[in-house]
Amino acid sequence: MLVAGVDVGAATAKTAIVRDGVMIGWAVQPTGDYVEEAANEVTQKALEVAGIKMADLDYVCSTGYGRRAVKFSDKAISEIICHAKGVNAMHPQVRTIIDIGGQDSKVISVRPNGTVADFVMNDKCAAGTGRFLEVMAEVLKLTIDEMGPEALKSAKPASINSTCTIFAESEMVSLRADRTPREDMVAGIHRAVSRRVAIMGRTVGYRDTVAFTGGVAKNIGIKHFLEETLKTEILVPVQPQIMGALGAALLADAKVGTTDFARDDRPKDDAASIMQSGEI
Amino acid sequence: MSVDYKDLFEQCGLDEAWQAENKERIEKFLDRIEIRTEADMAHVMDHFSQQYDTSLKGVRMMLAVCMKETIDWVLAGDEREVIIQYSRPTMGILSQGMHVAERRLNEEAGYTKYFSRGTSILMSEVVLGTIFDKTNELIEIGEDMGQTAGRGHCSEYQVWEGGLVRGFFPKPTIEVSCGFFCDQAPEAEALLADEFDYPIIFTDMPQDHQWGTWPRIEPHGTAFLTKTSDDVYDILRSQYDYPISEDDLTDGAIEANLLVAKHMAIANLIASADPQPVSQADMALSFWIYVLGTVYTEEASAAMKQFQKDVRARIRAGQGVVPKGAPRIYLSMRPVTDFHVYKLLEEVGIAVPLAWFDAFPPEVTNFETEFPDRPFCQNCEIIYRFPGMGDLKGSSLYAYKWVCETYNMEGIMLVMLIVCRPYELPISIGRDYMAKECLDLPCLVIEMDAFDSRNYTPAQWRTRFESFAEVLRLNQAMKED
């Protein structure tokens, strides 16, 4: 069976092509302004890598915030389920997943069979997400890729008191005025994000092995401070961004997700005729 | 020139004859709440249609009760000589006596002299929110007046203040403020009374009974609650020409308990059905009527009876708002001004057979009373035993466990009610408690503001709900395997 899993997140779109349970191609690109186009483009790229065409696919599963906008998808599944499945396929020993994406973060407790036992997500706030790091990188005139290595240079991370992206930006101004070394500021930012996510996940509980996925998992600074906070070694999959897409592809046969993207099977009595009957 | 309200009012169970009889009142009411143009009404119809299923006759009849209560309240300043607002008992089993007294005293006076209700603010918030989509506007006014989150205590009072500023709500002759559920309420109400210059008196209760004693609670707590209520009635009698009688209180207690029984019967019916036959958005009307009580007791009773018939008809027809076999969860709280959360849960295929206060452990209502001679006092005792009143483990958390086990729930959604400290507290330890006491019962915690729907994040809620639904379905599939 040839399946595509398409994960359209707030920041990036990802597609994994899976043949009989084995990943044969994948691609990642920014989501941009147009979700449907991004899904199309990233899937075409993944298909090229795999050396096949769209028509060859037996099934397409979509996930991520944009899952319902993927018009060529046969089924939509929420990303939490997909991340658990994808990570479980690659690393079956993992029991806890920390996923930090562009605009949300989650901690997922995974059963040995890859199903979700429990999960928690951030709520109404960009602190503890990739977007927070992006904003801070802009303030500090660094690229996002430079942030992690810069954080690891610090021996004395600055204290970032605010958990709000906007207030933290103001704090950066104060720290710069105090001539705080840049690496200490960057480390402080990474420590703040890591602690916020780690504490959020305590309601789910951390059981080894802990994996770290999502685009932010490429950031070695966040991994370092997560390990420091949780006092455990964290596993980062080789391609942490595509775990959701891989999971979506692997869940093609599972009894989850929706095939009707606009399901509405609630009863529809003829309200008008009842009204006209004068029963009330 | 008034807007065309015929369709809305018919869908709210208020027929042509009632509309004709109350034409002037309806037009004044709509003008007062600023529904003045066809565009306003078009928005109302669109919003309203997303909240309720008015194909159900019982829903229309319950809406009629809620609308009448709200119209009475909004026009009370024009129509009544004495306005006694018993603000926050939130429980008809305490305030229904005032509704009985209002009916009796108005009948004796030969005109509608008194308005004395414990329903006005919350019932009007349900109606102004779910039907007219006006509560967020009032919250903004409350914020502009300085009742920002924290200072304003909770968004319920932002709505209230906005309503007073805009003239939606009348200034009461006397406010009876109630600290039964919350110490913030009397504080916020005292500020409002001071700001809008009307008198206020207070009832109180010791909110927490001794931890670890529930359900063997101390009788002095109930006695204190009864005494503070009796003191208030004495003040109303002596200073506000309001001769509420002991018979009114007794009749009110009995009426209220009948409404409770009717609601519980409907809840049981829904809980025993698969698929879930009606939306919790519609069931919420029955909930608010029973919880708040009403001066329109006979109509409410008939409406709930009809709704029960509607539910039965749906069950017989095998109709549901979710697919048959949808995973069942208990929802620990109900919103007041916007019922989209129920619809969102149904859309993702989660059944909510029971929600907050739809079912209680027997210890809440079935006990040997310490006060056998006085029904009003017995209802005070019930209040003291309610989930959320008193020690968390004994009442709230045990109630969650009891409902989940008794009604075979497959999950629980605990609502962190950011508007309400007493109900926020149990949730913070509820997840751990449920994990320990109900092994492997999936538990989702969400934040909600029961009054301010601007704080909802639909995209994130949808992802949470869909994921939760999938976790629940996977659990079902694993059990089948």
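All values reported here derive from a predicted model rather than from experimental measurement. (Residues numbered from 1 in each chain as written. Chains lettered and ligands numbered in written order. Predicted model: local features only at pLDDT ≥ 70, side-chain atom pairs only at ≥ 80, totals over all residues. Heavy atoms only, no water.)

**Here's the deal with the overall build of chain A**
Thinking step 1. On a plain count of helices and strands, chain A comes out with nine helices and ten strands.
Thinking step 2. The buried share among the 280 residues of chain A stands at 55%.
Thinking step 3. Accessible area for chain A stands at about 12,100 Å²; split by element, carbon and sulfur atoms hold 51% of it. (Helix = DSSP H or I, 4+ residues; strand = E, 2+ residues; numbered from the N terminus. Buried < 20%, exposed > 50% of the residue type's maximum accessible area, 1.4 Å probe, protein only. Areas by Shrake-Rupley, 256 points an atom, 1.4 Å probe, with all protein chains shown as cover.)

**Some remarks on the overall build of chain B**
Thinking step 1. Regarding its fold elements, chain B presents 21 helices and eight strands.
Thinking step 2. Whereas a compact globule of 481 residues would reach a radius of gyration of roughly 23 Å, chain B reaches 22 Å, a difference of no more than 12%.
Thinking step 3. Along the first, second and third principal axes, the C-alpha atoms of chain B reach 70 × 55 × 45 Å.
Thinking step 4. When the 481 residues of chain B are sorted by exposure, 66% land in the buried category. (Rg over C-alpha atoms; globule rule 2.2 N^0.38 Å.)

**Digging into helix H7 (residues 220–230) of chain A**
Residues and elements named next belong to chain A.
Thinking step 1. Every buried residue of H7 is listed here: Gly221, Ile222, Phe225, Leu226, Glu227, Thr229 and Leu230.
Thinking step 2. On the buried face of H7, the contacting elements are strand S6 (96–100), helix H3 (130–139), helix H4 (144–152), helix H6 (182–200), strand S9 (210–213) and strand S10 (234–235).
Thinking step 3. Two or three places before Gly221, at the opening of H7, Asn219 has a side-chain oxygen 2.8 Å from that residue's backbone nitrogen. (Contact = heavy atoms within 4.5 Å. Polar contact = N/O pair within 3.5 Å; in protein donor to acceptor, adjacent residues only side chain to side chain.)

**Some thoughts on the pattern of salt bridges**
Residue and element names in this part refer to chain A.
Thinking step 1. Counted under the stated rule, the structure contains 43 salt bridges over all chains.
Thinking step 2. Put simply, Asp7 and Lys14 hold a salt bridge, and the shortest N to O gap is 3.9 Å.
Thinking step 3. Relative accessible area serves as the criterion here: at 3%, Asp7 is assigned to the buried category.
Thinking step 4. On the accessibility criterion, Lys14 (8% relative accessible area) is buried. (Salt bridge = Lys/Arg side-chain N within 4 Å of Asp/Glu carboxyl O.)

**Some details on the confidence of the model for chain A**
Reading predicted coordinates in detail is not appropriate for stretches of low pLDDT.
Thinking step 1. With 89% of its residues at a pLDDT of 70 or more, chain A shows a mean pLDDT of 86.
Thinking step 2. In this model residues 263–280 of chain A is a low-confidence stretch, pLDDT under 50, and it forms 33 contacts with partners more than four residues away in sequence or in other chains. (pLDDT = per-residue confidence, 0-100.)

**Some remarks on the state of the cysteines**
Should the sulfur atoms of two cysteines be covalently bonded, the bond is a disulfide.
Thinking step 1. Enumeration over the complete set of coordinates arrives at zero disulfides over all chains.
Thinking step 2. Of the cysteine sulfurs around Cys82 of chain A, a residue in no disulfide, the closest is that of Cys61 of chain A, at 7.1 Å.
Thinking step 3. Looking at Cys82 of chain A, the relative accessible area reads 0%, which means it is buried.
Thinking step 4. We note that Cys12 of chain B lacks a disulfide partner, and the nearest cysteine sulfur, in Cys66 of chain B, lies 9.0 Å from it. (Disulfide = S-S within 2.5 Å.)

**Quick word on the sheet that holds strand S8 (residues 443–448) of chain B**
Sheets are built from strands that pair by backbone hydrogen bonding, the pairs being arranged parallel or antiparallel.
Residue and element names in this part refer to chain B.
Thinking step 1. Reading across the sheet, the four strands line up as S6-S5-S7-S8 and stay open at both edges, with parallel pairing between neighbours. Bordering the open sheet on either side are strand S6 (351–355) and S8, each of which pairs with just one other strand. Along the sheet, successive strands turn relative to each other by an average axial angle of 30°, direction set aside.
Thinking step 2. Helix-sheet contacts for helix H13 (residues 246–271) involve strand S5 (328–331) and S6, and the interaxial angle to S6 is about 155°. (Pairing = 2+ DSSP bridges. Axes fitted to C-alpha atoms, helices over the stretch in contact; angles between N-to-C directions.)

**Topic: the environment of Glu34 of chain B**
Residue and element names in this part refer to chain B.
Thinking step 1. With respect to the element layout, Glu34 can be found in the loop between helix H3 (23–32) and helix H4 (38–49).
Thinking step 2. For Glu34, a relative accessible area of 19% puts it in the buried group.
Thinking step 3. C-alpha of Glu34 to C-alpha of Gly167: the two residues are 133 residues apart in sequence and 9.9 Å apart in space.
Thinking step 4. Residues within four places of Glu34 in sequence aside, it is in contact with Asp40, Lys134, Glu137, Arg166 and Phe168.

**Quick word on the packing of helix H5 (residues 57–74) of chain B against helix H15 (residues 297–317) of chain B**
Residues and elements named next belong to chain B.
Thinking step 1. Two numbers describe how H5 lies on H15: the axes approach to 7 Å, and their chain directions differ by 155°. Taken together, the axes of H5 and H15 are roughly antiparallel relative to one another. The two elements H5 and H15 meet at a crossing, and its hand is left-handed. Within the contact between the two elements, H5 uses Lys57, Gly58, Val59, Met61, Met62, Val65 and Lys68 and H15 uses Glu299, Ala300, Ala302, Ala303, Met304, Gln306, Phe307 and Asp310.
Thinking step 2. A per-class count over the contact of H5 with H15 returns nine nonpolar, two polar and four charged. (Parallel < 35°, antiparallel > 145°, perpendicular 65-115°, else oblique. Left-handed = near helix turned anticlockwise from the far one by under 90°. Nonpolar A, V, L, I, M, F, W, Y, C, P; charged D, E, K, R; others polar.)

**Some details on unusual backbone geometry**
Residues and elements named next belong to chain B.
Thinking step 1. Of the consecutive residues Trp214 and Pro215, the connecting peptide bond is found in the cis state with omega at 10°.
Thinking step 2. Within the secondary structure, Pro215 is located in the loop between strand S4 (200–203) and helix H12 (219–239).
Thinking step 3. Residue Pro275 is reached from Asp274 by a cis peptide bond, and omega for that bond is 5°.
Thinking step 4. With respect to the helices and strands, the residue Pro275 is situated in the loop between H13 and helix H14 (280–292).
Thinking step 5. Even without being glycine, Asp133 reaches a positive phi, approximately 50°.
Thinking step 6. With respect to the secondary-structure elements, Asp133 resides in the loop between helix H8 (120–131) and helix H9 (135–144).
Thinking step 7. One non-glycine residue, Asp241, adopts positive backbone phi at about 55°.
Thinking step 8. Tracing the chain through its elements places Asp241 in the loop between H12 and H13.

**Some remarks on the environment of Val3 of chain B**
All names here are of chain B.
Thinking step 1. Take Val3: it is sitting in the segment before helix H1 (6–11).
Thinking step 2. Looking at Val3, the relative accessible area reads 6%, which means it is buried.
Thinking step 3. For the pair Val3 and Arg473, spaced 470 residues apart in sequence, the C-alpha to C-alpha distance is 47 Å.
Thinking step 4. Those residues in contact with Val3, other than ones at most four positions away along the chain, are Leu30, Ile35, Arg36, Thr37, Glu38 and Met41.

**Considerations on the sheet that holds strand S1 (residues 2–8) of chain A**
Residue and element names in this part refer to chain A.
Thinking step 1. Read from one edge to the other, the open sheet built from five strands follows the order S3-S2-S1-S4-S5, with strand pairing classed as mixed. The open sheet has two edge strands with one neighbour each: strand S3 (22–30) and strand S5 (75–76).
Thinking step 2. Alignment of strand S2 (residues 12–19) against S3, held across eight bridges, turns out to be antiparallel. Its bridge partner being in S3, Val18 is matched across the sheet by Met23.
Thinking step 3. Across the sheet, helix H1 (residues 35–50) is in contact with S1, S2 and S3; its angle to S3 comes to roughly 140°.

**Points about the nonpolar core**
The nonpolar side chains of a soluble globular protein tend to be buried with one another.
Thinking step 1. With 199 residues, the main nonpolar core has Ile131, Phe132 and Leu236 of chain B as its most contacted residues.
Thinking step 2. Top element by residues in this core is H5 of chain B. It accounts for eleven residues.
Thinking step 3. Residue contacts for Leu236 of chain B: discarding those within four places in its chain leaves Ile84, Met98, Ile174, Val176, Ile201, Asp241 and Tyr242 of chain B.
Thinking step 4. Judged by nonpolar contacts, the second largest core, of 38 residues, contains Val135, Ile160, Met172 and Ala192 of chain A. (Core = buried A, V, L, I, M, F, W, Y, C linked by side-chain atoms within 4.5 Å.)

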